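Structural characterization, general
For reference, the chains in residue letters:
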Amino acid sequence: MPKQLIFLLGGARAGKSHYAEAWARTEGGRVLYIATAQARDDDMAARIAAHRARRPAHWQTLEAPRQVPQRITDCAIPHDTLLLDCLTLLTSNLLLDLPESTTQVDANQAILREVDHLLEVYERSKATWLVVSNEVGMGVVPPSRLGVLFRDMLGRANQCMAARADEVILLVAGLPWRLK
């Protein structure tokens, strides 16, 4: 089967990670799981522990909250499937690393550079990629500058990834809707 870029979108707790993990379990062969989360509080630490616990023991995990394209390139683990969970947290990590004075244009350019680098690594890869991300553009307008920057950055990143993806799936209440 030729490699594919499969992009999985949905709201919080929509079943994106479960869907990606189920796909990788049945179709994935040797799986490299890229985890972008950081345990900044007890709730996130518990979520990370739950994700770790449900991964099959034979999957390889690369914890990479930053510099994901470079970390994938440097990884010598052979794999058939790469599961990136998730673009949302990668965007958040990138945003939090930017100076407070960063403009919206500069923030958007920063995430688009990161996505471009990810896609360059994908093109050189022989693996199928499953990329998970939250859809944040359907909710309320964030009340803070940081919230607006995050929503806009992730929206741009999602558009870029969806445009390149072979398949785009929106998950709602655990149910997949094929968009592309």
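Residues numbered from 1 in each chain as written. Predicted model: local features only at pLDDT ≥ 70, side-chain atom pairs only at ≥ 80, totals over all residues. Heavy atoms only, no water.

The buried fraction of strand 5 (residues 128-134) amounts to 7 of the 7 residues, a majority that puts the element mostly inside the structure. Of the two faces of strand 5, the one carrying Thr128, Leu130, Val132 and Asn134 and the one carrying Trp129, Val131 and Ser133 are both buried. Pairing of strand 1 (residues 5-10) with strand 5, which is carried by 6 bridges, proceeds in the parallel orientation. When the sheet's bridge partners are listed, Gly10 is paired in strand 5 with Asn134. Here 5 bridges tie strand 4 (residues 81-85) to strand 5, and the two strands are oriented parallel to one another. Paired with Asp85 across the bridge in strand 5 is Val132. (Buried < 20%, exposed > 50% of the residue type's maximum accessible area, 1.4 Å probe, protein only. Helix = DSSP H or I, 4+ residues; strand = E, 2+ residues; numbered from the N terminus. Pairing = 2+ DSSP bridges.)

A regular strand places its side chains so that they alternate between the two faces of the sheet. Counted residue by residue, strand 1 has 6 buried out of 6 residues, so it is predominantly covered. Along strand 1, one buried face is formed by Leu5, Phe7 and Leu9 and the opposite face, lined by Ile6, Leu8 and Gly10, is buried too. The sheet contact formed by strand 1 and strand 6 (residues 167-172) spans 5 bridges and is parallel. Bridging across to strand 6, Leu8 finds its partner in Ile169.

This brings us to unusual backbone geometry. Cis geometry is adopted by the peptide bond preceding Cys86, which originates at Asp85 and carries an omega value of 10°. Mapped onto the elements, Cys86 comes out in the loop between strand 4 and helix 4 (87-97). Non-glycine residue Gln67 carries a positive phi angle of around 50°. Relative to the helices and strands, Gln67 resides in the loop between strand 3 (60-63) and helix 3 (68-74). Although it is not a glycine, Ala173 adopts a positive phi angle of roughly 50°. Along the chain, Ala173 turns up in the loop between strand 6 and strand 7 (175-178).

The next subject is the sheet that holds strand 5. Read from one edge to the other, the open sheet built from 7 strands follows the order 3-2-4-5-1-6-7, with strand pairing classed as mixed. Where the open sheet ends on each side, the last strands, each with one partner, are strand 3 and strand 7. Averaged over all pairs of adjacent strands, the angle between strand axes in this sheet comes to 20°, irrespective of strand direction. Most of the contacts of helix 1 (residues 16-27) go to strand 5, to which it runs at about 170°, and overall it touches strand 1, strand 2 (31-35), strand 4, strand 5, strand 6 and strand 7. (Axes fitted to C-alpha atoms, helices over the stretch in contact; angles between N-to-C directions. Contact = heavy atoms within 4.5 Å.)

Compared with the 28 Å implied by 1.5 Å per residue over 20 residues, the 29 Å span of helix 6 (residues 145-164) between its first and last C-alpha is a close match. Looking only at helix 6, the buried set comprises Gly147, Leu149, Asp152, Met153, Leu154, Ala157, Asn158, Met161 and Ala162. (Expected span 1.5 Å × (residues − 1).)

This brings us to the confidence of the model for the chain. In this model, the chain carries an average pLDDT of 92, and 99% of its residues clear a pLDDT of 70 or more. Put simply, helix 2 (residues 42-54) is where the chain has its lowest mean pLDDT, 82, and strand 1 is where it has its highest, 98. (pLDDT = per-residue confidence, 0-100.)

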